[in-house]
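# Close look at the chain arrangement
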Amino acid sequence: MKILVINPNTTASMTDHIGKAALGAASAGTEIVAVNPANGPVSIEGYFDEAMSLAGLLGVIKDNPDCDAVVIACFDDTGLDAARCLTDKPVIGIGEAAYHFASMISNKFSVVTTLARSVPALEHNLARYGLATRCARVRSSEVAVLELEQPGSNARQKISAEIGIAVAEDRAEAIVLGCAGMAGLANDLAQEHGLPVLDGVTCAVKLAEAMGALNMRTSRLGGYAPPPASKLATAFGS
């Protein structure tokens, strides 16, 4: 199967990092196509950046109709509902995927994300997904998204320290890493802290493969009904 992995920001180095993590999780025979929009914010840290990224994100989905599933590789699950209106292929947000996986392997989990401004959006998503009671706390490590890309930064140390606090104060039984840029850190941090640490990119890829194997499609009734052709033409100029 072919999985389209979209980084909704425009930082190509982060897209490459996400693509490598996705490929590492993929089964033999699964093709990973990791892309980002040409236009939009360089990082997504809160509501404003999310809104500014939507046009580019949806344009990428429109331009890649031959994929079998779509993974939105932003932990805010940016544009998830709109994307599901645009295609009947499974569209999986890395936040939603990681939350569900964590809820099945722990009684309660904590999320360690980047900046404090991102916390409310993640809390709103947890409530929307019906998983707020399973999450002990959403924590910020005060690591900017692009700091994860900087050689020699102490981003990993900050994230690890926040995990330690989550275990001690929240009594978290699992940790969800709340940023696509943290992909690749989960295994080492799990060994360091002695509990499951989940990366949303890998969770979403495995979920996409499972949904593809079961030939699942997004419902076209109700809320995820496709937009009228006239609105598509207005949005995409065709």
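For the structure itself, consult the block above.
Here's what I pulled together on the structure shown here.

Conventions we followed
Residues numbered from 1 in each chain as written. Predicted model: local features only at pLDDT ≥ 70, side-chain atom pairs only at ≥ 80, totals over all residues. Heavy atoms only, no water. Helix = DSSP H or I, 4+ residues; strand = E, 2+ residues; numbered from the N terminus. Rg over C-alpha atoms; globule rule 2.2 N^0.38 Å. Buried < 20%, exposed > 50% of the residue type's maximum accessible area, 1.4 Å probe, protein only. Pairing = 2+ DSSP bridges. Axes fitted to C-alpha atoms, helices over the stretch in contact; angles between N-to-C directions. Parallel < 35°, antiparallel > 145°, perpendicular 65-115°, else oblique. Left-handed = near helix turned anticlockwise from the far one by under 90°. Contact = heavy atoms within 4.5 Å. Nonpolar A, V, L, I, M, F, W, Y, C, P; charged D, E, K, R; others polar. Polar contact = N/O pair within 3.5 Å; in protein donor to acceptor, adjacent residues only side chain to side chain. Salt bridge = Lys/Arg side-chain N within 4 Å of Asp/Glu carboxyl O. Expected span 1.5 Å × (residues − 1). Arc of directions from axis to C-beta.

## Description of the overall build of the protein
- For the protein, the count of helices and strands is nine helices and eight strands.
- In terms of overall dimensions, the protein is globule-like: its C-alpha atoms have a radius of gyration of 17 Å, near the 18 Å expected for 238 residues.
- Projecting the C-alpha coordinates of the protein onto the three principal axes gives extents of approximately 55 × 35 × 35 Å.
- Here the protein holds 238 residues, and 52% of them are scored as buried.

## What about the sheet that holds strand E7 (residues 174-178)?
- Strand order in this open sheet of four strands is E6-E5-E7-E8, and the pairing throughout is parallel. Of all strands in the sheet, those with a lone pairing partner are strand E6 (135-140) and strand E8 (197-199), marking the two edges. Here the average twist between neighbouring strands, direction ignored, is 25°.
- Of the strand pairs in this sheet, strand E5 (residues 109-113) and E7 are connected by five bridges, and their pairing is parallel. Paired with Thr113 across the strands is Gly178, a residue of E7.

## Overview of the packing of helix H6 (residues 155-170) against helix H7 (residues 186-193)
- The N-to-C vectors of H6 and H7 enclose an angle of 45°; their axes lie 11 Å apart at closest approach. Considering the angle they form, H6 stands oblique to H7. Remark: the crossing between H6 and H7 carries right-handed chirality. Only Asp188, Leu189, Glu192 and His193 of H7 make contact with H6, whose side of the interface consists of Arg156, Ile159, Ser160, Ile163 and Gly164.
- The residue makeup of the contact of H6 with H7, split by class, is three nonpolar, three polar and three charged.

## Overview of the side chain of Thr113
- The residue Thr113 is located in strand E5 in this model.
- From its side chain, Thr113 meets the backbone oxygen of Gly178 in a polar contact 2.8 Å long.
- Thr113 has contacts with Ser118, Val119, Leu122, Val138, Arg139, Ser140, Ser141, Gly178 and Met182, leaving out every residue within four places of it along the chain.

## Looking at the environment of Ala186
- For Ala186, the position within the fold is in helix H7.
- Taking C-alpha positions, Ala186 is 5.2 Å from Val197, a pair spaced 11 residues apart along the chain.
- Setting aside residues no more than four positions away along its own chain, Ala186 makes contact with Leu177, Val197, Leu198 and Asp199.

## Concerning the environment of Ser141
- Assignment of secondary structure puts Ser141 in the loop between E6 and H6.
- Judged by relative accessible area, Ser141 falls into the buried class, the value being 7%.
- In this structure the C-alpha to C-alpha distance between Ser141 and Glu162, which are 21 residues apart in sequence, comes to 5.9 Å.
- Sequence-distant contacts of Ser141, defined by excluding residues within four places in its chain, comprise Val112, Thr113, Thr114, Lys158, Ile159, Glu162 and Met182.
- One polar contact links the side chain of Ser141 to the main-chain carbonyl oxygen of Thr113, over a distance of 2.7 Å.

## So, the pattern of salt bridges
- In this structure the tally under the stated criterion is nine salt bridges.
- With its nearest N and O atoms 2.9 Å apart, the salt bridge here joins Arg139 to Asp170. Within this pair, whereas Arg139 is found in strand E6, its partner Asp170 is found in helix H6, the two being separated by 31 residues in sequence. Taken as a pair, Arg139 and Asp170 share a single burial class, namely buried.
- Each of the salt bridges in this network shares a partner with another, and the network as a whole consists of Arg139, Glu162, Glu169 and Asp170.

## Observations regarding H6
- Between its terminal C-alpha atoms H6 stretches 21 Å, which fits the 22 Å expected from 16 residues at 1.5 Å a residue.
- What H6 keeps buried is the set Ala155, Ile159, Ser160, Glu162, Ile163, Ala166 and Asp170. Looking down the long axis of H6, one finds its buried residues gathered within 160° of arc, a one-sided arrangement. Set apart from the buried face of H6 by more than 90 degrees, the exposed residues are Gln157, Ala168 and Glu169.

## Structural notes on the pairing of strand E3 (residues 69-72)
- Burial of the side chains of E3 extends over both faces: Ala69 and Val71 are buried on one face and Val70 and Ile72 on the other.
- Bridge count between strand E1 (residues 2-6) and E3: four bridges; the pairing is parallel. Bridge pairing in E3 places Leu4 opposite Val70.
- As judged from the three bridges shared by E3 and strand E4 (residues 91-93), these two strands associate in the parallel manner.

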